[in-house]
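Here's the letter readout for the chains.
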Amino acid sequence: MLNQTIKGLMAIALLTPLSVLAANETPTETPKTPKNIIYLIGDGMGPAYTTAYRYYKDNPNTEEVETTVFDRLLVGMARTAPARVSGYVTDSAAAATALSTGVKTYNGAIGVDTDKRPIETLLEKAKKDDKAIGITVTSQVNHATPASFLSHNESRKNYEQIAKDYLDSGADVIMGGGQRYFDKNLLAQFKKKGYQVLENFDKLNDVHSGKVLGLFADVQLPWVIDNPNAHQLSKMTQKSLELLSQHNNGFVLLIEGSIIDWAGHANDIATTMGEMDEFARTLEVVETYIRKHPDTLMVATADHDTGGLTVGANNKKSWNPGVLHKIKASPMTIAKQLISQKQWKTGFAKLIGFEPKDNEWKALTKAHSQDEQHFAMAIIDLVNKRSNTGWTTDDHTAVDVQVFAKGPASQLFVGSQDNTEIADTLSSLL
Ligand SMILES: [Zn+2]
């Protein structure tokens with residue numbers, strides 16, 4: 001009984017944000033400096049994404065709606081606007097530069113300020129402090145977000161230059177997709193520098209020490225919804241932690257659920273929830289790691305919102321994620337598989353998980369007769385209508401994003417903050 005009361009009090013203390021404590025109640029223990037920092041970014045993961053994910057994961061047979069890892073770790077919000085010259089809506093490059101350097105810049109900038117001068121990133125600073133550093137992502141490894149932590153370029157589009165820059169980044173772990181940007185010559189140079197270069201995902205199991213450049217796809221890793229048992233991001237994260245943990249001075253690891261954003265650009269709720277599921281699983285891997293290594297701080301956020309996702313649309317009080325659980329592949333993959341088939345309807349009903357109504361078949365048939373792109377868009381539209389999901393744009397929005405944290409100094413991220421302040425605070429902890 002007493003034990004339970006103490007537990008309850010402790011829970012209340014843990015749940016009380018700093019902002020509601022009076023000045024004389026400031027905790028006596030100042031936050032300790034973490035030895036390791038794990039920084040997670042859900043690209044495009046605006047607040048509606050974690051809300052949708054909660055109801056997507058809900059067990060409809062229980063009285064309560066179950067909460068998620070996002071609910072458990074939430075501490076604050078972040079503003080995402082880029083430098084004035086780019087208005088209020090950021091792109092991933094400017095946002096990642098803000099999150100890695102603490103400096104606002106123009107959309108498209110990779111680790112440079114508005115005058116195109118390079119700015120030291122969090123990972124570069126960590127390297128100087130003799131910490132191990134790494135990036136683990138689901139897009140190509142030289143895409144805007146990871147690039148803004150490991151390189152400097154006036155444009156996110158200079159993929160080849162950015163890939164070459166990685167050679168001198170000193171990164172101990174680089175994992176994701178992007179084989180097409182690393183030619184034989186460049187890979188040979190990585191090997192010369194002591195990197196184990198991997199292109200086969202299963203080979204990751206055989207690596208237990210040293211530096212790794214893992215490029216597991218031509219560009220992006222496969223959609224989670226198309227490979228539900230692959231768990232690539234959480235497995236890469238586990239391996240990155242295993243490798244980086246071996247360094248005595250600690251490490252800083254950047255992890256990105258990169259293509260949550262790409263599914264959002266496509267306004268594709270089924271594929272979005274698949275990517276969210278693997279990102280949530282990755283957060284849980286990190287959460288477990290922190291439980292065993294209390295000297296490690298995790299901070300997670302999004303670089304911006306994508307798509308203006310609405311959980312319940314079309315003037316109706318309803319959202320029906322049940323339909324999303326039945327879909328066997330991403331709409332883009334279904335379209336690719338069926339576009340050249342004359343008898344596509346039976347296969348379609350199997351892959352989508354339900355029998356469309358007459359008017360739905362009509363729209364699908366028209367799109368199927370056009371081309372793959374129109375067919376994919378018609379499937380996405382069908383799923384949005386069936387689930388009553390809304391979207392306002394196929395680009396980014398300026399809405400604030402959430403901040404999640406756990407571990408030493410996690411209180412510093414409570415409340416409203418600018419994305420640049422997240423970088424400044426993390427930098428001050430190094
Ligand atoms: Zn985007």
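Residues numbered from 1 in each chain as written. Predicted model: local features only at pLDDT ≥ 70, side-chain atom pairs only at ≥ 80, totals over all residues. Heavy atoms only, no water.

A tally of helices and strands in the protein chain yields 17 helices and 14 strands. Principal-axis analysis of the C-alpha atoms gives the protein chain an extent of 65 × 65 × 45 Å. Expressed as a percentage of its 430 residues, the buried residues of the protein chain come to 53%. Long-range pairs, those at least 24 residues apart, make up 74% of the contacts in the protein chain between residues at least 6 apart in sequence. Accessible surface computed for the protein chain: about 19700 Å², of which carbon and sulfur atoms make up 51%. (Helix = DSSP H or I, 4+ residues; strand = E, 2+ residues; numbered from the N terminus. Buried < 20%, exposed > 50% of the residue type's maximum accessible area, 1.4 Å probe, protein only. Contact = heavy atoms within 4.5 Å. Areas by Shrake-Rupley, 256 points an atom, 1.4 Å probe, with all protein chains shown as cover.)

The subject of this paragraph is the coordination of the zinc ion. In the first shell of the zinc ion, the protein supplies Asp261 (OD), Asp261 (OD), His265 (NE2) and His396 (NE2), at 2.1 to 2.3 Å from the metal. Taken together, the four donor atoms coordinating the zinc ion and their angles of 56 to 156° define a geometry best described as irregular. Each donor residue of the zinc ion belongs to the same chain, and together they define the spacing D-x3-H-x130-H. On the criterion of helical spacing, the pair formed by Asp261 and His265 is a turn pair, its members being four residues apart in helix α10 (residues 260-265). (Donors = N, O, S within 2.8 Å, 3.2 Å for Na, K, Ca; no water. Tetrahedral: all angles 85-135°; square planar, octahedral: opposite > 155°, others 65-115°.)

Turning our eyes to something else, we now look at the nonpolar core. If you look at the biggest cluster of nonpolar residues, it comprises 121 residues, and the most contacted ones within it are Phe70, Tyr166, Phe182, Phe190 and Phe348. The element that contributes the greatest number of residues to this core is helix α11 (residues 269-292), accounting for eleven residues. Looking at which domains feed residues into this core, each of domain 1 (36-310 + 400-429) and domain 2 (321-388) gives three or more. If we skip the residues at most four places from it in the chain, Tyr166 touches Ile135, Val141, Asn142, Pro146, Ala147, Leu150, Ser151, Ile174, Phe182 and Phe190. (Core = buried A, V, L, I, M, F, W, Y, C linked by side-chain atoms within 4.5 Å. Domains from an automatic or database assignment.)

For the rest of this paragraph, the subject is the domain arrangement of the protein chain. You can read the domains of the protein chain as domain 1 (36-310 + 400-429) and domain 2 (321-388). One C-alpha centre belongs to domain 1, the other to domain 2, and the line joining them spans 32 Å. Contact residues are listed per partner, giving 13 residues for domain 1 and 15 residues for domain 2. Around 1100 Å² of area is buried between domain 1 and domain 2 when both sides are counted, 64% of it from carbon and sulfur atoms. Applying the counting rule to domain 1 against domain 2 returns zero salt bridges. On the surface where domain 1 and domain 2 come into contact, there are four residue pairs in polar contact (both at pLDDT 80 or more). Every element with two or more residues in the side of domain 1 that touches domain 2 is listed here: α2 (47-57) and α11. At four residues, the largest contribution of residues to the side of domain 1 that touches domain 2 is made by α11. For the side of domain 1 that touches domain 2, the per-class residue count stands at eight nonpolar, three polar and two charged. (Buried area = accessible area lost by both parts, 1.4 Å probe. Salt bridge = Lys/Arg side-chain N within 4 Å of Asp/Glu carboxyl O. Polar contact = N/O pair within 3.5 Å; in protein donor to acceptor, adjacent residues only side chain to side chain. Nonpolar A, V, L, I, M, F, W, Y, C, P; charged D, E, K, R; others polar.)

In this section: the packing of aromatic side chains. Two numbers describe a pair of aromatic rings. These are the distance of the centres and the angle of the planes. One pass over the full model with this rule turns up 16 aromatic pairs. Each member of the aromatic cluster is reached from another via a ring pair, and the members are Tyr53, Tyr56, Phe70, Phe279 and Phe404. The ring of Tyr55 is capped by Arg54, whose NZ or CZ atom sits 5.3 Å from the centre of that ring. (Phe/Tyr/Trp six-rings, centres within 6.5 Å; stacked < 30°, edge-to-face > 60°. Lys NZ or Arg CZ within 6 Å of the ring centre and 35° of its normal.)

A few words now on the packing of α2 against α11. At a minimum axis distance of 10 Å, the contact between α2 and α11 shows a crossing angle of 90°. With respect to α11, the axis of α2 lies roughly perpendicular. Side by side, α2 and α11 meet where Tyr49, Thr50, Ala52, Tyr53, Tyr56 and Lys57 of the first sit next to Thr272, Met273, Met276, Asp277 and Ala280 of the second. Of the residues in the contact of α2 with α11, the class split is seven nonpolar, two polar and two charged. (Axes fitted to C-alpha atoms, helices over the stretch in contact; angles between N-to-C directions. Parallel < 35°, antiparallel > 145°, perpendicular 65-115°, else oblique.)

Strand order in the open sheet formed by ten strands is β5-β6-β4-β3-β7-β1-β8-β13-β2-β14, with mixed pairing between adjacent strands. At either end of the open sheet lies a strand with only one pairing partner, and these are β5 (195-198) and β14 (415-418). Each adjacent strand pair in this sheet contributes to an overall mean axis angle of 15°, direction not counted. Strand direction decides the pairing type here: β5 and strand β6 (residues 211-215), joined by four bridges, are parallel. Residue pairing for β6: Leu198 is matched across the bridge by Gly214. Packing against the sheet, helix α9 (residues 232-244) makes contact with β1 (36-42), β3 (132-140), β4 (173-177), β6 and β7 (251-257), and its axis sits at approximately 170° to β3. Against the sheet, helix α17 (residues 419-429) engages β1, β2 (74-79), β8 (296-302), β13 (401-406) and β14, with an angle of about 90° to β14. (Pairing = 2+ DSSP bridges.)

The full count for this structure, using the stated rule, is 19 salt bridges. Glu154 is paired through a salt bridge with Lys116; the nearest N and O atoms lie 3.7 Å apart. Residue Glu154 is found in the loop between α6 (144-150) and α7 (159-165), and its partner Lys116 is found in the loop between α4 (92-101) and α5 (122-128); the two are separated by 38 residues along the sequence. Ionic pairing is found between Glu287 and Arg291, a salt bridge with its closest N-O pair at 3.8 Å. Here the residue Glu287 and the residue Arg291 both occupy positions in helix α11, the gap between them amounting to four residues, near one helical turn. Residue Glu287 is classed as buried on the basis of its relative accessible area, which comes to 3%. When its relative accessible area of 56% is taken as the criterion, Arg291 is described as exposed. Where salt bridges share partners, they join Arg72, Glu284, Glu287 and Arg291 into one cluster.

All right, on to the side chain of Ser387 then. The topology assignment puts Ser387 in helix α16 (residues 372-387). Ser387 gets classed as buried once you look at its relative accessible area, which sits at 0%. Within the structure, Ser387 has its side chain in polar contact with the backbone oxygen of Val383 (distance 2.7 Å). Non-local contacts of Ser387, meaning those with residues more than four positions away in its chain, are made with Ile269, Trp319, Asn320, Val323 and Leu324.

Along the chain, His304 turns up in the loop between β8 and β9 (305-306). Residue class for His304 comes out buried when judged on its relative accessible area of 0%. If we ignore the near neighbours within four places in the chain, the residues touching His304 are Asp43, Gly44, Met45, Gly46, Thr80, Thr90, Asp91, Ser92, Asp261, His396, Thr397 and Val401.

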